[in-house]
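For reference, the chains in residue letters:
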Amino acid sequence: MVRVKAFELRSKTSKELMKELDEMKSELSQLRVAKVSGGAASKLAKIKVVRKNIARILTVYNQKQKAEARKQYKGKKYQPLDLRPKKTRAIRRRLKTEQKYAKTQKQKTRSSNFPMRRFAVTM
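Residues numbered from 1 in each chain as written. Predicted model: local features only at pLDDT ≥ 70, side-chain atom pairs only at ≥ 80, totals over all residues. Heavy atoms only, no water.

What to know about the layout of surface pockets
Which entries qualify depends on this criterion: Cavity and pocket criteria rest on a 1 Å grid covering protein atoms alone: a 1.4 Å probe that fits but cannot get out defines a cavity, protein on both sides within 12 Å along at least 5 of 7 lines defines an open pocket, and an atom within 4 Å of a point defines a lining residue. Grid points are joined across faces, edges and corners, and a volume is the space filled by probe spheres set on the points. Gly falls in the polar group here, along with every residue not listed as nonpolar (Ala, Val, Leu, Ile, Met, Phe, Trp, Tyr, Cys, Pro) or charged (Asp, Glu, Lys, Arg).
Roughly 410 Å³ of internal volume is contained in the largest pocket. Lining the largest pocket are Leu81, Arg84, Pro85, Lys86, Lys87, Ile91, Arg92, Arg94, Leu95 and Lys96. Considered class by class, the residues forming the lining of the largest pocket number four nonpolar, no polar and six charged.

Side note on helix H3 (residues 41–73)
The criterion, for reference: Going along the chain from the N terminus, every DSSP run of H or I of four or more residues is numbered as a helix, and every run of E of two or more is numbered as a strand. Every helix has an expected span of 1.5 Å times one less than the residues it contains. Throughout this description, buried means an accessible area under 20% of the type-specific maximum (1.4 Å probe, protein chains only), exposed means over 50%, and partly exposed covers the range between. Throughout, a residue-residue contact means that at least one pair of heavy atoms, one from each residue, lies within 4.5 Å.
Counted at 1.5 Å a residue, the expected span for H3 with its 33 residues is 48 Å, and the 49 Å between its end C-alpha atoms agrees. Buried within H3 are the following residues: Ile47, Val50, Asn53, Ile54, Ile57, Val60 and Tyr61. In this structure, the buried side of H3 is in contact with helix H1 (6–10) and helix H2 (14–36). Where H3 ends, the next residue or the one after it, Gly75, has phi of about 85°, a positive value.

With respect to the pattern of salt bridges
Here is the rule: Just to be clear on terms, a salt bridge is a Lys or Arg side-chain nitrogen sitting within 4 Å of an Asp or Glu carboxyl oxygen.
Applying the stated criterion across every chain yields a total of two salt bridges. Across the salt bridge formed by Lys12 and Glu20, the nearest N and O atoms sit 2.5 Å from each other. The class of Lys12 is partly exposed, set by a relative accessible area of 27%. Using a relative accessible area of 12% as the deciding quantity, one classes Glu20 as buried. With a closest N to O distance of 3.7 Å, Glu27 and Lys46 form a salt bridge. Note that Glu27 is positioned in helix H2 and Lys46 in helix H3, a separation of 19 residues in sequence. A relative accessible area of 17% means that Glu27 is categorised as buried. For Lys46, a relative accessible area of 29% corresponds to the partly exposed category.

Observations regarding the environment of Tyr73
Assignment of secondary structure puts Tyr73 in helix H3. With sequence-adjacent residues up to four places away left out, Tyr73 is seen in contact with Tyr78, Gln79, Pro80 and Leu83.

Some thoughts on H2
Spanning 23 residues, H2 covers 33 Å between terminal C-alpha atoms, matching the ideal 33 Å at 1.5 Å per step. Residues of H2 that are buried include every one of Leu17, Glu20, Leu21, Met24, Glu27, Leu28, Leu31 and Ala34, and no others. Lining the buried residues of H2 we find H1 and H3. With its phi angle positive at about 80°, Gly38 sits one or two positions after the end of H2.

Examining unusual backbone geometry
A positive phi angle, near 50°, is found at Lys87, a position not held by glycine. Looking at the secondary structure, you find Lys87 in the loop between H3 and helix H4 (89–93). What makes Lys87 exposed here is its relative accessible area of 56%.

Quick look at the nonpolar core
Selection criterion: Here, the term nonpolar core denotes a set of buried Ala, Val, Leu, Ile, Met, Phe, Trp, Tyr and Cys residues that are joined through side-chain atoms within 4.5 Å.
Counting 13 residues, the largest nonpolar core has Leu9, Leu17, Met24, Leu28, Val50, Ile54 and Ile57 as the members making the most contacts within it. A per-element tally of this core places H3 first, with six residues.

Here it is in structure tokens:
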């Protein structure tokens, strides 16, 4: 089995990817049977290649799924947690800047009626 390339997998549809994944998994099970029954060394070496191919297929498939989900939730008010920006817990909990500097009506009137005094000191 030749190594599959990720850029080739990206051009395929999700159904084609799942079909290829099933083929790879069945091939891996056959190779494992050959390993137990004392198969050729070439078959034993193929196990690693097939496992990596399965990982590549799953990676591309998951990337496609996530991209579709991002497209679906674009512009919506709420997003699933795994589509939101990760950042850090403290940053996620922090107030937004408009919330941080928001003032009540009473604070606004008080600051406009009683502004900070300006002192002119002359010598």
